[in-house]
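# Structural features, examined
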Amino acid sequence: MKRELFAVSLLLGLLALSVYNIRYIENKSQTLISYIEEAEAHYLGGNSQQAAEDIETSLDIWLGWDSYSHVMLRHSEVDVITEAYYELLKELEGDDRVTQASFGVLKEELNSILTKERINVRSIL
């Protein structure tokens with residue numbers, strides 16, 4: 001009976017840690033997305049310098065999350081998001097017009113992490 005209780009306790013602990021991890025990822029991603037949305041609003045308002053600063057702030061937060069993200073997330077996702085940040089910064093610092101799709105790509109990549117990390121029936125089975 002003790003083994004069964006230990007096993008159930010262990011499983012419940014793992015479930016609790018998984019839920020905490022998902023909430024942590026959601027909060028961090030929402031913070032990053034809010035900076036991207038601010039940057040988009042600044043860019044559309046004609047302030048590309050402030051937009052670039054907002055993206056750099058978001059990128060700094062993303063890169064500061066490196067020790068966590070490289071352990072808990074797929075490396076391919078980390079690489080794609082990092083590349084999307086640098087592409088958007090390159091566009092903002094260039095002379096060409098930046099499209100809203102460039103901001104959208106980065107937001108979508110961050111949202112895709114949330115979709116993949118959420119617990120659902122397929123992830124359990």
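As shown above, the structure is provided for reference.
The paragraphs below set out a description of the structure included in this document. Predicted model, so just to flag it, every value in this text is computed and none were measured.

### Description of the environment of W65
With respect to the helices and strands, W65 occurs in the loop between α2 (48-64) and α3 (66-72). Apart from the residues within four sequence positions on either side, W65 is in contact with Y24, I25, K28 and L73.

### Some details on the packing of aromatic side chains
Enumeration over the complete set of coordinates arrives at five aromatic pairs. Measuring from ring centre to ring centre gives 6.1 Å for Y43 and F103, while their planes differ by 45°; the resulting arrangement is tilted. With Y43 in helix α1 (residues 2-44) and F103 in helix α5 (residues 100-117), the pair connects residues that are 60 residues apart, well separated along the chain. Here Y43 matches F103 in class, with each residue buried.

### Concerning the nonpolar core
Soluble, globular proteins show a tendency: their nonpolar side chains are buried together. Ranked by internal contacts, the top residues of the largest apolar core, which has 27 residues, are I55, W62, Y85, L92, F103 and L110. Elements with a minimum of two residues in this core: α1, α2, α4 (75-93) and α5. The element best represented in this core is α4, accounting for seven residues. Once residues within four sequence positions are removed from consideration, F103 is found in contact with I36, A39, E40, Y43, I55, L88, L92 and V98.

The rules behind these values
Residues numbered from 1 in each chain as written. Predicted model: local features only at pLDDT ≥ 70, side-chain atom pairs only at ≥ 80, totals over all residues. Heavy atoms only, no water. Helix = DSSP H or I, 4+ residues; strand = E, 2+ residues; numbered from the N terminus. Contact = heavy atoms within 4.5 Å. Phe/Tyr/Trp six-rings, centres within 6.5 Å; stacked < 30°, edge-to-face > 60°. Buried < 20%, exposed > 50% of the residue type's maximum accessible area, 1.4 Å probe, protein only. Core = buried A, V, L, I, M, F, W, Y, C linked by side-chain atoms within 4.5 Å.

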